[in-house]
Amino acid sequence: DTSAGKGGATRPLVHPEFVHRFVSNCMSSCENIQDRNAQNRLVRLVCVFLQSLIRKQVINVSDMQMEIQAFCITFSRIREAAALFKLLKTMQ
């Protein structure tokens, strides 16, 4: 999301580097969870969150494309990860 700055220019409400690090941290948290049920739940949440960020153009997909695709492939057994992967492919 953006807000109007001086002269009508828009600027991000949250610094893109912060968003990138936050998303990366979420993805690595998913990979490190030992409990399979908790892992599946977190992966689903992260995927839905990422889809929302992408659709609202909060993140620049090209900056994280490879990282997100690798995450989706790792968790391809989860429906939301497959949907996120599909969304990324439609944007190429």
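The rules behind each value
- Residues numbered from 1 in each chain as written.
- Predicted model: local features only at pLDDT ≥ 70, side-chain atom pairs only at ≥ 80, totals over all residues.
- Heavy atoms only, no water.
- Phe/Tyr/Trp six-rings, centres within 6.5 Å; stacked < 30°, edge-to-face > 60°.
- Helix = DSSP H or I, 4+ residues; strand = E, 2+ residues; numbered from the N terminus.
- Buried < 20%, exposed > 50% of the residue type's maximum accessible area, 1.4 Å probe, protein only.
- Expected span 1.5 Å × (residues − 1).
- Contact = heavy atoms within 4.5 Å.
- Disulfide = S-S within 2.5 Å.
- Bend = angle between axes of the 7 residues up to and from the residue.
- Core = buried A, V, L, I, M, F, W, Y, C linked by side-chain atoms within 4.5 Å.
- Salt bridge = Lys/Arg side-chain N within 4 Å of Asp/Glu carboxyl O.

**Digging into the packing of aromatic side chains**
- The full count for this structure, using the stated rule, is three aromatic pairs.
- A ring pair is formed by phenylalanine 18 and phenylalanine 22, whose centres lie 6.4 Å apart and whose planes are at 20°; its orientation type is stacked. Taken as a pair, phenylalanine 18 and phenylalanine 22 lie in helix H1 (residues 16-32) at a separation of four residues, close to a single helical turn.
- Phenylalanine 22 gets classed as partly exposed once you look at its relative accessible area, which sits at 40%.

**Quick notes on helix H4 (residues 79-90)**
- Between the first and last C-alpha of H4 there are 17 Å, a value that for 12 residues agrees with the 16 Å anticipated at 1.5 Å per step.
- Here the buried face of H4 lies against helix H2 (36-55) and helix H3 (61-74).

**Description of the state of the cysteines**
- The final tally for this structure, using the stated rule, is zero disulfides.
- Cysteine 26 carries a free sulfur, and the closest cysteine sulfur to it, the one in cysteine 30, is 7.1 Å from it.
- There is no disulfide at cysteine 72, and the cysteine sulfur nearest it, in cysteine 47, is 5.4 Å away.

**Re H3**
- In this model, H3 (14 residues) spans 18 Å end to end at C-alpha, consistent with the 20 Å of a helix rising 1.5 Å per residue.
- Considering bend angle alone, the principal kink of H3 is centred on glutamate 67 and spans about 35°.
- Three or more residues of H3 are buried, namely Val61, Met64, Gln65, Ile68, Gln69, Phe71 and Cys72.
- Turning to H3, the residues buried within the fold contact H1, H2 and H4.

**As for the environment of valine 48**
- Looking at where valine 48 falls in the secondary structure, it is placed in helix H2.
- Sequence separation of valine 48 and alanine 81 is 33 residues, and the distance between their C-alpha atoms is 8.4 Å.

**Some remarks on the nonpolar core**
- In this structure, Met27, Leu50, Ile68, Phe71 and Leu84 are the most contacted members of the largest nonpolar core, which totals 23 residues.
- Those elements giving two or more residues to this core turn out to be H1, H2, H3 and H4.
- For this core, the element with the highest residue contribution is H2, accounting for six residues.
- For leucine 50, the contacting residues outside a window of four places in its chain are Val23, Met27, Ile59, Ile68 and Leu84.

**Focus: the pattern of salt bridges**
- Summed over the entire model, instances satisfying the criterion amount to one salt bridge.
- Arginine 21 serves as the salt-bridge partner of glutamate 17, at 2.9 Å between the closest nitrogen and oxygen. Here arginine 21 and glutamate 17 lie together in helix H1, a separation of four residues that amounts to about one turn.
- A relative accessible area of 59% places arginine 21 in the exposed class.

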